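Listed below are the residues making up each chain.
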Amino acid sequence: VDALSPRGSVQECHGIVLTGGSAFGLATADGVVSWCEGEGLGLALPLVTVPIVAAAVVFDIRDPYHPRPGAEAGAAACRAAAEEDPPQGSVGVGAGCTAAKVAGREWAVAGGQGWAVTRGGGVTVGAIMGVNPVGEVLGPAGEVLAGTRAPAEAPRFPEHSMAQIAAWGEPPTAGTNTVIGCVVTDAKLTKVEACRAADLAHSGIARAVRPAHTSADGDIIFLLATGAEGHEPSSVDLVAELASKAVADAIRSAVAHATGSEQFPPDPRAKDYLGA
């Protein structure tokens, strides 16, 4: 992440990894690095080619024996890459995601993996998101698509204290929730502009999640700009606005497609949104 920041020296990124398994799942990136190296993808140095691969992870561990993705999973994902639309719902980074933990984790519903594409001003922007927030997921009009299953009288974060929430269930804990994703555009941007647009794309999380960016979340969005041939330099504000919409739509699509589990079922209101 530091290498991709405006202060970092590298100008290209060869892979983005979105995974589950908490810190253990970051081993997935090793497999992506190995695959890229084998394909000759990376920063060409005199003695070796070094793939620049960034990774982010969600905390979806349900017990100590929950399977954790590792290096082989990362390499397998590279081998399985295709140009078709990726799956959505309780798959990929979204396989174990949950949402709406404002009244405690016990009352959560299924999160998931979702994507969306927006276009405008001659620019195309797509976003793929892993949705595992403390907050509830909202529709475009502010309606709840994926909300807590807790009784109406149950205390909720952040209006009530953690002690009050603990009487009903496990309260939100720092480091165990997050929304992560990657935005990709054919816009032509400098590295500094891409970093700025990635920061502004977080507005999409705030549009679709309430509360968003809490102290118990660890949200991050990467942005890749391909700079398609023939494109003039693009407006950062245009890319950021399209990215924000794509991010919000992708979050909603994730919960709308989620199948979840017996413990964390999908919210039927999200399915209704998908039908609409």
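Coordinates for the structure precede this section.
Residues numbered from 1 in each chain as written. Predicted model: local features only at pLDDT ≥ 70, side-chain atom pairs only at ≥ 80, totals over all residues. Heavy atoms only, no water.

### With respect to the overall build of the protein
- Helix and strand counts for the protein come out as eight helices and 13 strands.
- For 276 residues, the compact-globule estimate of 2.2 N^0.38 gives 19 Å, and the C-alpha radius of gyration of the protein, at 19 Å, lies within 12% of that figure.
- Projected onto the principal axes, the alpha-carbon positions of the protein cover approximately 60 × 45 × 35 Å.
- Counting over 276 residues, the protein shows a buried share of 47%.
- Expressed as a percentage of contacts within the protein between residues at least 6 apart in sequence, the contacts between residues at least 24 apart total 76%.
- Accessible surface, the protein as shown: approximately 12900 Å² in total, 56% of it carbon and sulfur.
- Each charge sign in the protein was given a centre, from 18 positive and 30 negative side chains, and these centres are 4 Å apart. (Helix = DSSP H or I, 4+ residues; strand = E, 2+ residues; numbered from the N terminus. Rg over C-alpha atoms; globule rule 2.2 N^0.38 Å. Buried < 20%, exposed > 50% of the residue type's maximum accessible area, 1.4 Å probe, protein only. Contact = heavy atoms within 4.5 Å. Areas by Shrake-Rupley, 256 points an atom, 1.4 Å probe, with all protein chains shown as cover. Lys, Arg positive; Asp, Glu negative; His and termini not counted. Charge placed at Lys NZ, Arg CZ, Asp CG, Glu CD.)

### Considering the sheet that holds strand β12 (residues 209–210)
- If you walk across this open sheet you meet the three strands as β10-β9-β12, and the pairing is antiparallel. Because the sheet does not close on itself, it has two edges, and the strands there are β10 (144–146) and β12.
- For strand β9 (residues 136–138) and β12, the ladder comprises two bridges, and the chain directions are antiparallel. Residue pairing in the sheet places E136 in a bridge with R210 of β12.
- Against the sheet, helix α7 (residues 236–257) contacts β9, β10 and β12, and its axis sits at roughly 115° relative to β9. (Pairing = 2+ DSSP bridges. Axes fitted to C-alpha atoms, helices over the stretch in contact; angles between N-to-C directions.)

### A few points about the environment of G114
- Following the sequence through the fold, G114 ends up in strand β7 (residues 112–120).
- Since its relative accessible area comes to 0%, G114 is described here as buried.
- Residues G114 and A73, 41 residues apart in the sequence, show an inter-C-alpha distance of 19 Å.
- Filtering out sequence-adjacent residues up to four positions away, G114 remains in contact with Q88, A127, I128, M129, A250, S253 and A254.

### Remarks on the sheet that holds β7
- Pairing within the open sheet is mixed, and its four strands lie in the order β7-β8-β11-β13. Strand pairing shows two members of the sheet lacking a second neighbour, β7 and β13 (220–225), which therefore form its edges. When strand polarity is set aside, the average angle formed by the axes of neighbouring strands in this sheet is 15°.
- Where β7 lies against strand β8 (residues 123–132), nine bridges are found, and the strand directions are antiparallel. Opposite T118, over in β8, you have V125 as the bridge partner.
- Sheet strands in contact with α7 are β7, β8, β11 (178–185) and β13, and its direction is about 40° off that of β8.

### Quick look at unusual backbone geometry
- Geometrically, the link from F157 to P158 is a cis peptide bond, its omega value of 5° lying close to zero.
- Within the secondary structure, P158 sits in the loop between β10 and α4 (162–166).
- Between R210 and the following residue, P211, the backbone shows a cis peptide bond with an omega angle of -10°.
- Positionally, P211 belongs in the loop between β12 and β13.

### Topic: the state of the cysteines
- Taken as a whole and judged by the stated rule, the model has zero disulfides.
- This cysteine, C195, is not joined by any disulfide, and C13 carries the nearest cysteine sulfur, 11 Å off. (Disulfide = S-S within 2.5 Å.)

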